[in-house]
Every structure is written in structure tokens, then in C-alpha cells.
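Remarks on the overall topology
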Amino acid sequence: MGAMKIVCIGEILWDVFPDAEHLGGASFNFAAHARRFGHEVLFVSGVGDDDRGRRALARAGELGLSTRFIQVIPGAATGIVSVEVDSAGQPSFTIHRPAAYDYATLDQADLDELTSPAADWVAYGTLFQMTGATRALTERLLRAAEGSSFFYDVNLRSASYDEQTVRRSLEFADIVKMNDAEAAILASTFGVPCESTGAFSRSFAERFGLSSVSVTMGARGCALLGNGEFVEAPGYPVQVADTVGSGDAFSAALLDGIGRGWPASRIADFANRVGALVASRAGAIPDWTIAEAASLTRF
């Protein structure tokens, strides 16, 4: 398969570090990384009519993303997250809301443009859906996207998810990606066996009618269940700058590999490479190339 049409709905915000700020938000990061693979990406969100909003739109354009569906919301502040990174490069987040993306809307003309021709994928997460309006907006898009496959990045943030929203998101999904900590939470929440990652992935896929389940495990790599095949792929050792955005880059690589019809082992290895490369560089959307990812070694 060549370039895919990917519609992504979610948060766009500035990751504010002690010494810098970088444009991010899990959904926006995913959209930007998917665009780097050459796919047509339509990103649905909102920014404020403020300096951060104007810089966000300019940066999105620099990254090759259309700003057609990034609305400017008067009277609302562009989203920010305070980020602290520990000595191992692991971030902790403080999310400031309400933010402009909480007020995003779509009219019928927007929906028609997003869904005709049908997108190959519609990608969504949890954080964006923490208001009644954004949850309804996400569901409206999913219901309108007939003929598309649905990718759900669980992406649980402290105090920014609830069981009902996660369950509903899972029921729509075809492919789900999570990290190992989130897998433990979901196993407990939904009563899914988790004596091994393989057993969990198969049980979870059966429970929610999923075609694929991906569990990332940081430096240890990932597990991937796809088309009935379960694989575990070791990670690539890198000098970590920060891990912000690495999981979103992993997700973009995951969908790219699935779109190419690769076997699970190749998809998992490639996604690990891209995730590691992004973790080795500062910010959620650093410059990187597919060739650089392909050249990573474990030695």
C-alpha cells in the first residue's frame, strides 16, 4: 500500500519543560510522525487565538500537516502541559485544562470532507475525551467514518481517564496500543487474564473484537499480536534524551507497517527502531529519517 489517508482527532498542546517548550500532545505527535512516513494526515483539534496558538499552527505547517481542521477558538488558551523529566529520561506531566482543544467542533461539511473518500485509519486517544463535548465529538467522527479502520492509543494520564470512556473507545477500535503499565490497569479493570503478555493480548483482543494489540515495554521493546500471530521484539539501546513522543512515533510506525502488509515480527522491530530513535532526541517531534531508524543496531 502507498500513502494512506489518516484522520486523527485529539489534543495539541505545548510541552513546557523547565528550560524550553516543544509542541506536542500525543495525538498531534502521532499525526506529525505519520506525516513523516508520507501519509495524508488530517488532524482535528483546537488552539487558542494567542501566541502559542499561532506558533502551533505555524509549526504544524512546517511539519507538513494541514491546519484545515485545527480550529482557532477565541477566548480559550492553547493547551499546555508542564513536564518534568527524571534522571532516566522518564517524564511526568501536569495537564492544564480547560484548553482550546476542549472546544473543538465539526460541522457536517467538515465530517463529509474528513470521511469522503473514506480514511484508511481514524486515530484517537483517551485524554482528549475527558469532557462530554469532546467525547461526543470523537464518537460522532467514528460513527461517520464508515469503511475506515480505527486505531486507539490508550495513553492513560493520571486523573484523565475513566472506565466508561476507555470501554467505549475499545468497543470502536480495531487496533489498540498501550504500554505495559496501562496493560496492567486494563487487565485489572476489565478482568482480563495477564499471567503473560501473550495471554493478555489474546484475551484482550477476543474480549473487544480487536484485530491487533500492541504493548510497549520501554527499553525492553514491545509485544505485538496481529493476524493471530504473537511476537515479542527486543528494544534498541539508545542514550535517552527524553521519551516524550517516542510512543507516538512507535504508533505511527506500527500503522505504517500494518498498511504495508508486513508480518508482525517486522512491524514490531521497525516500530521499536523508530520509537528508540525519537527517544534519543529532545522533544516529542525531533527530526529523524526512516534511514536512520533502519540503521540502528543493538551493539
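**Quick notes on the sheet that holds strand E2 (residues 13–16)**
If you trace the four strands from one edge of the open sheet to the other, you get E3-E2-E6-E7, paired in mixed fashion. In this open sheet, the two strands that pair with only one neighbour each are strand E3 (21–24) and strand E7 (91–96). Neighbouring strand axes in the sheet, compared pairwise and without regard to direction, differ in orientation by 30 degrees on average. Alignment of E2 against strand E6 (residues 79–85), held across four bridges, turns out to be parallel. When the bridges of E6 are listed, Trp14 appears paired with Ile80.

**Notes on the sheet that holds strand E11 (residues 212–216)**
Whenever strands of a sheet pair, they do so through backbone hydrogen bonds, lying parallel or antiparallel. Strand order in the open sheet formed by nine strands is E5-E4-E1-E8-E9-E10-E11-E12-E13, and the pairing between neighbours is mixed. Each edge of the open sheet is held by one strand with a lone partner, namely strand E5 (70–73) and strand E13 (229–233). Strand-to-strand twist across the sheet, computed as the mean angle between neighbouring axes with direction ignored, equals 15 degrees. With five bridges joining them, strand E12 (residues 222–226) and E13 adopt antiparallel strand pairing. Bridge pairing links Leu224 to Val231 in E13. Helix H7 (residues 197–208) contacts strand E10 (175–179), E11, E12 and E13 of the sheet and is inclined by roughly 145 degrees relative to E11.

**Re the pattern of salt bridges**
With the rule as written, the count across this model stands at 18 salt bridges. Arg97 is the salt-bridge partner of Asp102, the closest N and O atoms lying 2.5 Å from each other. Among the residues examined, Asp102 registers a relative accessible area of 6% and is labelled buried. By relative accessible area, which is 28% here, Arg97 ends up partly exposed. One salt bridge in this structure joins Arg273 and Asp269, with 2.9 Å as the shortest N-O distance. In this pair, Arg273 and Asp269 are both assigned in helix H9 (residues 264–279), four residues apart and thus about one turn of the helix distant. Residue Arg273 is classed as buried on the basis of its relative accessible area, which comes to 15%. The network of salt bridges with shared partners includes Glu21, Asp51, Arg52 and Arg55.

**Observations concerning the layout of surface pockets**
Estimates place the volume of the largest pocket at around 1,100 Å³. Forming the walls of the largest pocket are 47 residues, and the residues nearest its centre are Gln90, Asn179, Thr243, Ser246 and Gly247. At the level of elements, E2, helix H1 (26–36), E7, E10, helix H6 (180–190), helix H8 (246–259) and H9 are the ones that each hand at least two residues to the lining of the largest pocket. A breakdown of the residues in the lining of the largest pocket according to their chemical character gives 23 nonpolar, 16 polar and eight charged. As a volume, the second largest pocket reaches approximately 200 Å³. Taken together, 13 residues form the lining of the second largest pocket, with Gly226, Asn227, Ile258, Trp262 and Ile267 sitting closest to its centre. Only E12 and H9 provide two or more residues apiece to the lining of the second largest pocket.

**Describing empty space enclosed by the protein**
In total, this model carries two cavities of 30 Å³ or more according to the counting rule given. Considering only enclosed or pocket space, the largest cavity measures out at about 100 Å³ in volume. For the lining of the largest cavity, the elements supplying multiple residues, two or more each, are H1, strand E8 (121–125) and strand E9 (149–153). Among the residues forming the lining of the largest cavity, the class breakdown is seven nonpolar, four polar and three charged.

**Remarks on helix H3 (residues 108–115)**
When we look at burial in H3, the residues that qualify are Asp110, Leu111, Leu114 and Thr115. For H3, the buried positions fall inside an angular range of 115 degrees around the axis, keeping them on one side. Check the buried side of H3 and you find it contacts strand E1 (5–9), strand E4 (40–48) and helix H4 (132–144). Capping of H3 at its N-terminal end is provided by Asp107; its side-chain oxygen lies 3.1 Å from the backbone amide nitrogen of Ala109.

**Topic: the packing of H8 against H9**
Axis separation between H8 and H9 bottoms out at 8 Å; the angle between their running directions is 150 degrees. The angle between H8 and H9 falls in the class roughly antiparallel. Of the two possible hands of crossing, H8 and H9 adopt the one that is right-handed. Residues Ser246, Ala249, Phe250, Ala253, Leu254, Asp256, Gly257 and Ile258 of H8 pack against Ile267, Phe270, Ala271, Asn272, Val274, Gly275, Val278 and Ala279 of H9.

Reading the values: the criteria
Residues numbered from 1 in each chain as written. Predicted model: local features only at pLDDT ≥ 70, side-chain atom pairs only at ≥ 80, totals over all residues. Heavy atoms only, no water. Pairing = 2+ DSSP bridges. Helix = DSSP H or I, 4+ residues; strand = E, 2+ residues; numbered from the N terminus. Axes fitted to C-alpha atoms, helices over the stretch in contact; angles between N-to-C directions. Contact = heavy atoms within 4.5 Å. Salt bridge = Lys/Arg side-chain N within 4 Å of Asp/Glu carboxyl O. Buried < 20%, exposed > 50% of the residue type's maximum accessible area, 1.4 Å probe, protein only. 1 Å grid on protein atoms, 1.4 Å probe; cavity = no way out; pocket = protein on both sides within 12 Å on 5 of 7 lines; lining within 4 Å. Points joined across faces, edges and corners; volume = space filled by probe spheres on them. Nonpolar A, V, L, I, M, F, W, Y, C, P; charged D, E, K, R; others polar. Arc of directions from axis to C-beta. Polar contact = N/O pair within 3.5 Å; in protein donor to acceptor, adjacent residues only side chain to side chain. Parallel < 35°, antiparallel > 145°, perpendicular 65-115°, else oblique. Left-handed = near helix turned anticlockwise from the far one by under 90°.

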